[in-house]
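Chain by chain, the residues run as shown.
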Amino acid sequence: MTTYTRFLAIALAPVFLALAACAPQESDAPVAAAPAPAAMPAAAPMPAPEPMAAPEPSVLPDDIADRLAERSAPRVGDGASAPSFVVDPSWPKPLPNNWRIGQVGGLAVDSHDNIWVYHRPRSLSSSASSGLGVAGVNDEGVEVDGLGNPRRFGGQASGCCVPAPSVLKFDRAGNLLDAWGGPQDPGFLETNCLEEDGCYWPGREHGLYVDHNDFVYISGNGTNFTGQFPWAATYGDDSHILKFTADGEFIWQMGYAGQEGPDSENVDQGPNGTPQPYLVADFTVDEASNRLFVADGYGNRRILVADAETGLYVGHFGAYGQNPVDDPEGTEVDPYDAGPWISDYQSGNTTPMFFRSPLHCAIVSDDGFLYACDRGNNRVQVFNVTEIGGECANPNAEEGQCGFVREVLISPEAYSNGTAVTAAFSTDPEQSCLYVGDLANGTFYILNRENMTELDRIGRAGRQVGEFHWIHAIAVDSDGNMYTGEVDTGQRIQKFQRYGESGCSGTGATEIGLYSANR
């Protein structure tokens, strides 16, 4: 057994123990011969039947781990090192109550190593939710379920399935620990998230974070909700952030729901003087400062900084650390009408002076750097958190100005839905690896955070286990295991068990996301 397969055997031991427990067991007992038939009158005697051969014992093939590992076998170059991963096909365990999850709008691991999933129940197709019963009638008077699917003959259309509550909490073994939230969670909107209390559940779930105090932050990025079906929102566009306790008790709402358009300079026009976001993508809370960093980037074009306790404004900035954001220095282009990234790239402009929708993630490292996933521009920008948020001009995109540190392009030639969609750090003390999910190419990259070179990548575009259809969110537990969530019709979560190295070192490819390096 090689070192590589030994690591795999250790990593996957719990999976195969579970599978083995379900397999038929080998037995040394003799197989009884078939009884001789009774004599038939006036018939020649029949020969005794030959003894039946003992069946081959049914055992689990010993090459399953190898075949799984082939999907993500490490390809780190000489002189470098990086964590290795193998997908765990047994995670999570089956959900109760005929529940299904839809598109995964957010994913996080809390300080207790619980995995939180924020999904979109209203994204499930009629066939994936045919266990729903009647919830109302449509404009034609036809009975429909909560998602608006006709129930012309009453009741549920089949025995399975129904949407799970929007917020799901798992342990690392894949056990479901808790579930709450959304219109499909009976009574939640009537007891935990009342509009008269200023709580408006998002129309299209997008973005989740659980902070060091176990508070849960969620948001949305949907538009034009007018109550089109029983579970649809009614206020127009998602333009707010909600804060809850871990068990779903409402704390506060930042921004008013139903804003009609972007305003990246709005700092205090929300409830209780909070800033007004618009079509939020994601966020994180920096434990050192208890500041909430918001990727306010499907509608607005900024990183918004707020006090996590109160939701009040602290600062905001755009690409290269610039503030103001709506009219950045160094360009005449309107950030809200910039056209596609590929037009800039093919014309030689690789430094657009604005975040292009969607600005999709904002994460903060332990050593005080913020990494922003500028998905619309196929890049990640890095900032010093102590130098950002105030009024500042950086028209020449200079490193060291306005808190801007550096940037790296992620598969810049791709122009299908953007690349740099989500990011996370390895959990070695130095957080030496930066993981970046690439939605367009269906993979996540392992970068050495020191030199921002690509050491390896995991996954490929596809539907099979260990592959991705629109990877959308990633998160890492304290052992370095990776969890992923997919949108569009991917609609699943996966776990990748880490083995081998815990951190990154050495130099890899300076061009990240080359098609020639696809798995």
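How each quantity is defined
Residues numbered from 1 in each chain as written. Predicted model: local features only at pLDDT ≥ 70, side-chain atom pairs only at ≥ 80, totals over all residues. Heavy atoms only, no water. Pairing = 2+ DSSP bridges. Helix = DSSP H or I, 4+ residues; strand = E, 2+ residues; numbered from the N terminus. Axes fitted to C-alpha atoms, helices over the stretch in contact; angles between N-to-C directions. Buried < 20%, exposed > 50% of the residue type's maximum accessible area, 1.4 Å probe, protein only. Contact = heavy atoms within 4.5 Å. Salt bridge = Lys/Arg side-chain N within 4 Å of Asp/Glu carboxyl O. Disulfide = S-S within 2.5 Å. Core = buried A, V, L, I, M, F, W, Y, C linked by side-chain atoms within 4.5 Å. Phe/Tyr/Trp six-rings, centres within 6.5 Å; stacked < 30°, edge-to-face > 60°. Patch = residues over 30% accessible without salt bridge, like charges linked within 9 Å, V, L, I, M, F, W, Y side chains within 5 Å. Areas by Shrake-Rupley, 256 points an atom, 1.4 Å probe, with all protein chains shown as cover. Lys, Arg positive; Asp, Glu negative; His and termini not counted. Charge placed at Lys NZ, Arg CZ, Asp CG, Glu CD. Polar contact = N/O pair within 3.5 Å; in protein donor to acceptor, adjacent residues only side chain to side chain. pLDDT = per-residue confidence, 0-100.

1. Describing the sheet that holds strand β20 (residues 379–384)
- Spatial strand order, β18-β19-β20-β21: 4 strands in an open sheet with antiparallel pairing. Because the sheet does not close on itself, it has two edges, and the strands there are β18 (359–364) and β21 (404–409). Neighbouring strand axes in the sheet, compared pairwise and without regard to direction, differ in orientation by 15° on average.
- The sheet contact formed by strand β19 (residues 369–374) and β20 spans 6 bridges and is antiparallel. Looking across to β20, one finds that Tyr371 is bridged to Val382.

2. Description of the pairing of strand β23 (residues 433–438)
- Summarising burial for β23: 6 of the 6 residues are buried, a large majority.
- Examined bridge by bridge, strand β22 (residues 420–425) and β23 share 5 bridges and lie antiparallel to one another. Within β23, the position partnered with Thr422 by the bridge is Gly437.
- In this structure, the hairpin formed by β23 and strand β24 (residues 443–448) is closed by a connection of 4 residues, where Gly442 is found at a positive phi of approximately 65°.

3. Description of the environment of Thr223
- For Thr223, the position within the fold is in the loop between β11 (216–220) and β12 (241–244).
- The sequence separation of Thr223 and Ser239 amounts to 16 residues, and the corresponding C-alpha distance is 9.2 Å.
- Discounting residues that sit within four places of it in the chain, Thr223 has contacts with Gly236, Asp237 and Leu279.

4. Some words on the pattern of salt bridges
- Counted according to the given criterion, the structure contains 17 salt bridges.
- Measuring nitrogen to oxygen at the nearest pair gives 3.9 Å for the salt bridge that ties Glu467 to Arg71. One end of the pair, Glu467, is in the loop between β25 (453–458) and β26 (471–476); the other, Arg71, is in the loop between α2 (64–70) and β1 (81–88), with 396 residues separating them in the sequence.
- Using a relative accessible area of 11% as the deciding quantity, one classes Glu467 as buried.
- Looking at Arg71, the relative accessible area reads 30%, which means it is partly exposed.
- A salt bridge links Asp367 to Arg449, with the shortest nitrogen-to-oxygen separation between them at 3.1 Å. Of this pair, Asp367 sits in the loop between β18 and β19 while Arg449 sits in the loop between β24 and β25, and the two are 82 residues apart along the sequence.
- By relative accessible area, which is 44% here, Asp367 ends up partly exposed.

5. Thoughts on the state of the cysteines
- Overall, the coordinates contain 5 disulfides when judged by the stated rule.
- Put simply, Cys160 and Cys161 are joined by a disulfide, and their sulfur atoms are 1.7 Å apart. Since a negative S-S torsion denotes a left-handed disulfide, the Cys160-Cys161 link at about 65° is right-handed.
- Given a relative accessible area of 33%, Cys160 falls into the partly exposed group.
- What pairs with Cys361 in a disulfide is Cys373, and their sulfur atoms sit 2.0 Å apart. Looking along the S-S bond of the Cys361-Cys373 disulfide, the torsion reads about 60°, which is the right-handed sense. Residue Cys361 is found in strand β18, and its partner Cys373 is found in strand β19; the two are separated by 12 residues along the sequence.
- For the protein chain, the bonded cysteines pair up as 1-2, 3-4, 5-6, 7-8, 9-10 when numbered in the order they occur along the sequence.

6. Here we look at the pairing of strand β13 (residues 250–254)
- For β13, the buried fraction is high: 4 of the 5 residues fall into the buried class.
- Judged from the 4 bridges that link them, β12 and β13 form a sheet pairing that is antiparallel. Note on β13: the bridge partner recorded for Phe244 is Phe250.
- What sits between β12 and β13 in their antiparallel hairpin is a turn of 5 residues, with Gly248 showing a positive phi close to 90°.

7. Quick notes on the sheet that holds β25
- Taken in spatial order, the 4 strands make up an open sheet running β22-β23-β24-β25, and their pairing is antiparallel. Since the sheet does not close on itself, it has two edges, and those belong to β22 and β25, each with one partner. Strand after strand, the sheet turns through a mean of 25° between neighbouring axes, direction not considered.
- Strand direction decides the pairing type here: β23 and β24, joined by 6 bridges, are antiparallel. In the strand pairing of β24, Leu434 is matched with Leu447.

8. Re the nonpolar core
- Core analysis: the biggest nonpolar cluster contains 23 residues, and Phe85, Tyr435, Phe444, Ile446, Met482 and Phe496 have the highest contact counts within it.
- Ranked by residue count, the leading element in this core is β1, at 4 residues.
- Counting 22 residues, the second-largest nonpolar core is a separate cluster that includes Trp99, Leu124, Ala475 and Ile493.

9. Let's talk about the packing of aromatic side chains
- Scanning the model with the defined rule gives 22 aromatic pairs in all.
- With 4.9 Å between their ring centres and 70° between their planes, Tyr320 and Phe404 make a pair best called edge-to-face. With Tyr320 in the loop between β17 (313–317) and α4 (341–346) and Phe404 in strand β21, the pair connects residues that are 84 residues apart, well separated along the chain.
- Among the aromatic residues, ring-to-ring pairing joins Tyr118, Trp180, Phe188, Trp201, Phe244 and Phe250 into one connected group.

10. Describing a negative patch on the surface
- Taken together, the side chains of Asp327, Glu329, Glu332, Asp334 and Asp337 present a region of like negative charge at the surface.
- In this fold, Asp327 is placed in the loop between β17 and α4.
- Looking at Asp327, the relative accessible area reads 61%, which means it is exposed.

11. What to know about the side chain of Asn300
- Looking at the element boundaries, Asn300 is found in the loop between β15 (291–296) and β16 (302–307).
- When its relative accessible area of 0% is taken as the criterion, Asn300 is described as buried.
- A polar side-chain atom of Asn300 sits 2.7 Å from the main-chain amide nitrogen of Asp263.
- Excluding its chain neighbours within four sequence positions, the residues that come into contact with Asn300 are Pro262, Asp263, Ser264, Gln276, Pro277, Tyr278 and Tyr336.

12. Quick word on the confidence of the model for the protein chain
- Mean pLDDT over the protein chain stands at 92; residues scoring 70 or higher make up 88%.
- For the protein chain, per-element mean pLDDT is lowest for helix α1 (residues 3–21), which scores 55, and highest for strand β4 (residues 115–120), which scores 99.
- Within the model, the stretch residues 19–46 combines pLDDT values under 50 with 10 contacts to residues more than four positions away or in other chains.

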